[in-house]
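In case you want the letters, here they are:
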Amino acid sequence: MEARLEEAVCPFCSLACDDLHLKRTERGGVALVGPECPLARTGYIEAGTDEDLPPRIDGQAVAESAAIERAAALIASSAAPLVAGLAAEVDGVRAALALADACGAALDHLRAEGLMRLLLPLIERGAVQTTLSELRNRADLVLVLGPDPRRIAPRLIERALPPTGLFVQEAAPRRILFIGGVPETELAPHLSVQVIPAPTHRLAELAGALARLIAGKALPRPEIAGVPAARLAELAQQMRDARYGVALFAPALLEGAEPELAVAAILHLIQELNRTTRWSALPVAGGDGLIGASQAMLWQSGVPLRSRFTPEGPRFAPHRLAADRLLREREADLLIWISAFRPAPPPEASVPMIALAHPETRFARPPEVFLPVGVPGVDHGGAAFRMDGVVALPLAPARASTRKSAAGLLAAIHRALPMVAR
Amino acid sequence: MSRVLRLVGGRVYDPANGVDGELRDLWIEDGRIIADPGAEVPKHDTIDISGRIVMAGAIDLHSHIAGGKVNLGRALMPEDHHGHAHGAHGRLRSGSGAATPSTFSTGHRYALMGYTAAFEPAMVPANARHTHLELADTPMIDKGVYAMLGNDDLLFRLIQSGAVQEEINDYVAFMLEATQAIAVKTVNPGGISAFKFNQRKLDLDEPNAHYGVTPRHILLRLARAVAEIGLAHPLHVHCNNLGVPGNVETTVKTIEAVEGWPIHLTHVQFHCYGTEGDRRFSSGATRIVEMLQRHSNLSIDVGQVMFGQTMTESGDTMAQFGNRVLAEPERWLCMDIECEAGCGLVPFRYRDRSFVNALQWAIGLELFLTAPDPWRIFLTTDHPNGAPFTFYPRLIRLLMDRDFRAEMLARIHPAARRHSGLAEIAREYTLFEIAILTRAAPARALGLADRGHLGPGAAADITVYVDDADRERMFGHPVLVLKDGRVVVRDGRIVAEAHGATNVVRPEHDPAIAGRIERFFAEHMTVRLPHFRVSEAEIESRGGRIQVRETRRRSGAA
Ligand code: SF4
Ligand SMILES: [Zn+2]
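Description of the structure in this document. Fair warning: this is a prediction, and the values are worked out from it, not measured in the lab.

## Observations regarding the overall build of chain A
Move 1: When helices and strands are tallied, chain A shows 12 helices and 21 strands.
Move 2: Its C-alpha atoms give chain A a radius of gyration of 23 Å, near enough to 22 Å, the size a compact globule of 422 residues would have.
Move 3: If one aligns the C-alpha atoms of chain A with their principal axes, the spans along those axes are about 70 × 50 × 30 Å.
Move 4: Expressed as a percentage of the 422 residues in chain A, the buried residues total 65%.
Move 5: Sequence-distant contacts in chain A: of pairs separated by 6 or more residues, those separated by 24 or more amount to 64%.
Move 6: With the model as given, the accessible surface of chain A reaches about 15,000 Å², and the carbon-plus-sulfur share is 53%.
Move 7: The average position of the 44 basic charges and that of the 46 acidic charges among the side chains of chain A differ by 4 Å.

The structure is reproduced here in structure tokens:
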């Protein structure tokens with residue numbers, strides 16, 4: 001695929017900005033020219049030079065074929081392999097799933113915690129959701145619940161809330177309200193911003209109170225989570241009066257003992273608002289290919305992440321199959337760690353490890369097999385899903401690189417597996 | 001040179017070539033059917049299928065198998081997957097799900113029922129890359145997608161700016177190419193958009209609150225565009241007012257609204273309700289049949305309801321928001337999508353003891369059994385909306401076996417039985433007619449010239465059945481299935497995994513439209529046009545194969 005430096009699609013978070021201008025630096029490096037984004041800037045710097053790094057077995061440089069053979073042998077002798085990290089673009093994930101299916105592995109993603117916080121309430125009740133272009137063109141009122149989602153998607157508001165949209169005119173500027181969080185970086189002056197101070201960890205109560213008010217019921221107490229009932233009633237009225245409201249929140253950033261209760265309360269609130277007007281939720285996810293991994297897992301296996309490929313078929317067990325727990329309880333005997341976008345540290349593990357990881361990854365001890373992989377959207381192409389789960393964008397390489405894609409290496413390991421009758 | 005294969009002694013049903021149960025051998029070379037070589041018999045392999053029934057591979061022209069809403073359906077119903085999972089087997093991947101099966105399972109199950117093609121009928125253009133990714137992981141069958149248009153702000157703005165028909169045609173042609181689609185579907189034309197402006201219902205002549213454009217106008221513009229750019233398949237229409245008692249009036253008016261341009265009405269069963277009787281809910285089947293008699297340019301698929309648990313997945317957010325109160329289990333999801341469309345998911349259990357569900361079941365069968373022309377009616381359950389596609393063998397038995405039908409009829413809600421004319425219908429479909437409904441007609445309707453028949457030159461997609469009086473067992477378990485000349489199913493087991501083609505069209509259009517659309521994307525959307533477009537190379541890089549189907553540009557009135 002042809003390398004691209006203009007209108008490049010950014011691989012570093014699930015906003016998937018596709019307006020980046022990049023440049024080449026010395027020794028095959030790639031750097032962000034603009035628009036500015038701290039996450040993207042770091043991502044391209046970390047991708048480093050295009051130097052071809054050798055695979056390693058127990059810390060010693062080896063030929064690729066040797067590393068692949070060793071990886072296949074480790075997998076073949078494992079009774080309970082775990083594929084974790086799973087931070088790859090869609091084709092890398094597809095290859096990882098094929099391998100996992102062949103060897104009966106459990107699957108987790110390094111950002112699955114945030115995904116589960118959304119998914120479990122979704123399975124309970126459903127939701128009303130929207131996508132970025134709807135937000136951009138329709139939202140006259142945006143409610144941000146909890147910590148500023150720009151922590152994990154820096155350009156979210158800049159890209160989604162320009163001064164006007166198809167149905168948003170300059171004469172009636174959009175309002176953006178923060179509750180249980182504050183804007184952590186500057187907001188454009190065209191936005192009318194309000195902050196309702198409230199404790200971040202009590203969003204479930206606040207969203208529940210708003211839902212009561214929307215349903216026409218009174219609040220049981222004069223204040224909820226420290227917010228005066230009158231202020232909440234005013235907010236409820238604003239929400240009812242919105243033509244098209246959007247609730248933005250990042251499940252992964254929510255605090256408190258049971259963040260999925262806050263997500264459930266938010267989803268319920270938004271569903272209720274639709275009795276009389278239009279509101280949608282837009283959960284904001286972070287990077288590392290989480291959304292693509294979640295989507296590919298669902299279509300290939302029928303079940304969400306945190307599942308295991310058993311001889312009876314894929315089994316979803318969200319609580320049991322968290323990678324940390326499996327490793328801690330020694331319910332996995334092999335860790336296949338995949339992290340292509342950034343040098344994410346693998347979890348502590350006393351079991352053997354095959355790492356298909358960013359070249360800069362630091363390990364507590366040398367993995368049994370380390371196959372450095374290229375960064376998607378820098379060294380090779382592929383596809384990346386956006387946070388709304390609807391739009392997938394094509395990734396193109398930003399340099400001519402000899403670094404291998406996770407997809408290619410995983411397929412090679414898969415081919416090297418002896419066909420074991422299961 | 002590849003070896004010739006001969007299927008010997010089968011009884012062939014090939015309506016496209018007028019063959020009605022004749023004993024004849026089939027000759028296959030390089031994946032295609034060749035003429036009987038006569039005296040000069042080449043070296044060949046033989047499969048003896050004496051006494052077996054032979055048809056072309058079946059084609060499902062409307063089945064929600066891939067893309068955003070299907071995947072949301074999977075996420076929303078872990079129960080559907082927990083109870084229906086299977087492990088990997090040799091090279092075959094594992095999978096799960098009954099109503100919303102995983103992609104590999106979808107392909108495998110279709111092949112095990114003798115289907116060799118299925119078409120995803122509701123792809124939101126913004127979701128095209130996702131849909132094609134899923135299809136890349138759907139083995140065994142040929143596939144294709146219909147692009148959902150008619151609720152997108154781009155089209156509304158074109159209409160509002162006074163675009164002439166030529167421009168609408170260019171836009172439709174462009175969108176088909178950009179999303180690698182084969183046909184155009186419109187879902188609740190104008191209604192999905194209207195719901196975003198908080199309209200809760202939209203009749204054929206009711207204007208969109210923002211644009212002032214009516215569904216009638218959208219239907220006419222799109223139906224004409226589809227005809228003029230020369231697609232084989234007419235505009236594929238999911239009418240306004242889905243599921244609403246009395247909606248047969250809307251359906252009839254929709255047929256008339258397109259002023260003679262060809263039109264296909266999908267899952268008509270859900271759009272075929274009157275308001276007669278003490279429960280104000282009745283069958284409108286006779287009205288639809290009348291329309292089929294009167295309009296030779298009209299075709300339908302049924303969207304048959306079968307009893308049991310399923311998941312309803314529709315682009316029609318307006319209707320699905322209303323249906324949320326019927327959700328079982330109690331959860332529902334609606335989504336507005338990219339200024340183009342939307343989707344709504346409501347899990348549903350159809351019960352034979354429910355008056356409404358039982359009547360829906362009866363209405364579907366009435367449509368099948370009284371339709372005048374088997375070439376213009378297609379066998380669908382609107383998978384999974386009326387039932388999962390795995391119910392097709394039972395549905396075929398209901399059509400072919402009057403006694404079985406009577407048995408089932410005896411079990412449904414008694415008032416529904418009384419309200420339905422089904423008991424008086426004696427018709428039983430023949431094998432020849434089933435072959436029309438499930439092979440010849442859908443192939444013709446989609447312009448798949450080399451599929452759905454067994455004449456020389458056709459692709460060797462072939463299904464062989466045991467002639468079993470129990471038609472459900474027969475159609476559920478073909479003994480042999482060939483995909484492009486290769487045996488893929490034998491005795492109810494997959495013996496080889498095939499990978500079908502993605503069928504697309506490339507209608508001519510003025511490239512100037514791309515500039516206009518590019519500006520719209522740059523100014524308003526959150527994706528730029530080059531990234532919205534799905535390339536052939538992407539599909540091919542994932543092992544796919546593009547099959548371009550013919551279009552015949554035409555102009556002037558119908
Ligand atoms: S916001 Fe996310 S996608 Fe956009 S440039 Fe920054 S890291 Fe990349
Ligand atoms: Zn449908």
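## A short note on a positive patch on the surface
Move 1: A grouping of Arg279, Arg353, Arg417 and Arg418 of chain B is seen on the molecular surface, where their side chains present a positively charged patch.
Move 2: Using a relative accessible area of 42% as the deciding quantity, one classes Arg279 of chain B as partly exposed.

## A few points about the coordination of the zinc ion (ligand 2)
Put simply, the ideal angle at a metal is 109.5 degrees for four donors in tetrahedral geometry and 90 or 180 degrees for six donors in octahedral geometry.
All names here are of chain B.
Move 1: The protein atoms donating to the zinc ion (ligand 2) are His62 (NE2), His64 (NE2) and Asp382 (OD), with metal-donor distances spanning 2.0 to 2.1 Å.
Move 2: Of note, the donors binding the zinc ion (ligand 2) are all from one chain and are spaced H-x1-H-x317-D. On the criterion of sequence distance, the pair formed by His62 in the loop between strand S6 (58–60) and helix H1 (68–76) and Asp382 in the loop between strand S20 (377–378) and helix H13 (392–400) is long-range, its members being 320 residues apart.
Move 3: Judged by its relative accessible area of 0%, His62 falls in the buried class.

## Notes on the side chain of Asn169 of chain B
Residue and element names in this part refer to chain B.
Move 1: Locating Asn169 in the fold gives a position in helix H6 (residues 165–179).
Move 2: Here Asn169 falls in the buried class, since its relative accessible area comes to 1%.
Move 3: Excluding anything up to four places from it in sequence, Asn169 contacts Ala225, Glu228 and Ile229.

## Considerations on the environment of Arg150 of chain A
Residue and element names in this part refer to chain A.
Move 1: By secondary structure assignment, the location of Arg150 is in the loop between strand S8 (141–145) and helix H6 (156–160).
Move 2: Sequence separation between Arg150 and Glu184 is 34 residues; the distance between their C-alpha atoms is 7.9 Å.
Move 3: If we skip the residues at most four places from it in the chain, Arg150 touches Leu156, Ile157, Pro183, Glu184, Thr185, Glu186 and Leu187.
Move 4: Side-chain polar atoms of Arg150 contact the side chain of Asp148, separated by 2.7 Å.
Move 5: A polar side-chain atom of Arg150 sits 2.8 Å from the main-chain carbonyl oxygen of Thr185.

## Side note on the site of ligand 1
Move 1: Surrounding ligand 1, one finds Cys10, Phe12, Cys13, Leu15, Ala16, Cys17, Cys37, Leu39, Ala40, Pro154 and Arg155 of chain A.
Move 2: Its residues assigned to classes, the shell around ligand 1 shows 10 nonpolar, no polar and 1 charged.

## Section: the pairing of strand S18 (residues 353–357) of chain A
All names here are of chain A.
Move 1: Most of S18 is tucked away: 5 of the 5 residues are buried.
Move 2: Burial of the side chains of S18 extends over both faces: Met353, Ala355 and Ala357 are buried on one face and Ile354 and Leu356 on the other.
Move 3: Where strand S17 (residues 334–339) and S18 come together, 5 bridges link them in parallel fashion. Paired with Ile338 across the bridge in S18 is Leu356.
Move 4: Examined bridge by bridge, S18 and strand S19 (residues 369–372) share 4 bridges and lie parallel to one another. Each bridged residue has a counterpart across the sheet, and for Ile354 the counterpart in S19 is Val369.

## Things to note about the interface of chain B and chain A
Move 1: Facing the 62 residues of chain B at the interface are 66 residues of chain A.
Move 2: Its largest share of buried area at the contact with chain A, chain B owes to Arg93, Thr526 and His531 of chain B, together 12% of the area lost on that side.
Move 3: One can count 8 salt bridges joining chain B with chain A.
Move 4: Across the pair Glu134 of chain A and Lys196 of chain B runs a salt bridge, and its minimum N-O distance is 2.5 Å.
Move 5: Taken together, the connections running from chain B to chain A amount to 46 residue pairs in polar contact (both at pLDDT 80 or more).
Move 6: For the side of chain B that touches chain A, a count of residues per class yields 24 nonpolar, 18 polar and 20 charged.

## As for the pattern of salt bridges
Move 1: By the definition in use, this model includes 66 salt bridges over all chains.
Move 2: For Asp19 of chain A, the salt bridge is made with Arg155 of chain A, and the minimal N-O distance between the two is 2.8 Å. Placement of Asp19 of chain A in the segment before strand S1 (21–24) and of Arg155 of chain A in the loop between S8 and H6 is noted, with a sequence separation of 136 residues between them.
Move 3: Taking the relative accessible area as the measure of exposure, Arg155 of chain A reaches 4% and is therefore buried.
Move 4: Among the salt bridges present, the one from Asp142 of chain B reaches Arg451 of chain B, with a minimum N-O distance of 3.0 Å. Of the two residues, Asp142 of chain B sits in strand S10 (residues 142–148) while Arg451 of chain B sits in the loop between helix H16 (431–446) and strand S21 (462–466), which places them 309 residues apart along the sequence. The residues Asp142 of chain B and Arg451 of chain B share a single accessibility class, namely buried.
Move 5: Salt bridges sharing common partners tie together Arg32, Asp142, Asp450, Arg451, Asp461, Lys483, Asp484 and Arg549 of chain B.

Basis of the calculations
- Residues numbered from 1 in each chain as written.
- Chains lettered and ligands numbered in written order.
- Predicted model: local features only at pLDDT ≥ 70, side-chain atom pairs only at ≥ 80, totals over all residues.
- Heavy atoms only, no water.
- Helix = DSSP H or I, 4+ residues; strand = E, 2+ residues; numbered from the N terminus.
- Rg over C-alpha atoms; globule rule 2.2 N^0.38 Å.
- Buried < 20%, exposed > 50% of the residue type's maximum accessible area, 1.4 Å probe, protein only.
- Contact = heavy atoms within 4.5 Å.
- Areas by Shrake-Rupley, 256 points an atom, 1.4 Å probe, with all protein chains shown as cover.
- Lys, Arg positive; Asp, Glu negative; His and termini not counted.
- Charge placed at Lys NZ, Arg CZ, Asp CG, Glu CD.
- Patch = residues over 30% accessible without salt bridge, like charges linked within 9 Å, V, L, I, M, F, W, Y side chains within 5 Å.
- Salt bridge = Lys/Arg side-chain N within 4 Å of Asp/Glu carboxyl O.
- Donors = N, O, S within 2.8 Å, 3.2 Å for Na, K, Ca; no water.
- Polar contact = N/O pair within 3.5 Å; in protein donor to acceptor, adjacent residues only side chain to side chain.
- Near = heavy atom within 4 Å.
- Nonpolar A, V, L, I, M, F, W, Y, C, P; charged D, E, K, R; others polar.
- Pairing = 2+ DSSP bridges.
- Buried area = accessible area lost by both parts, 1.4 Å probe.

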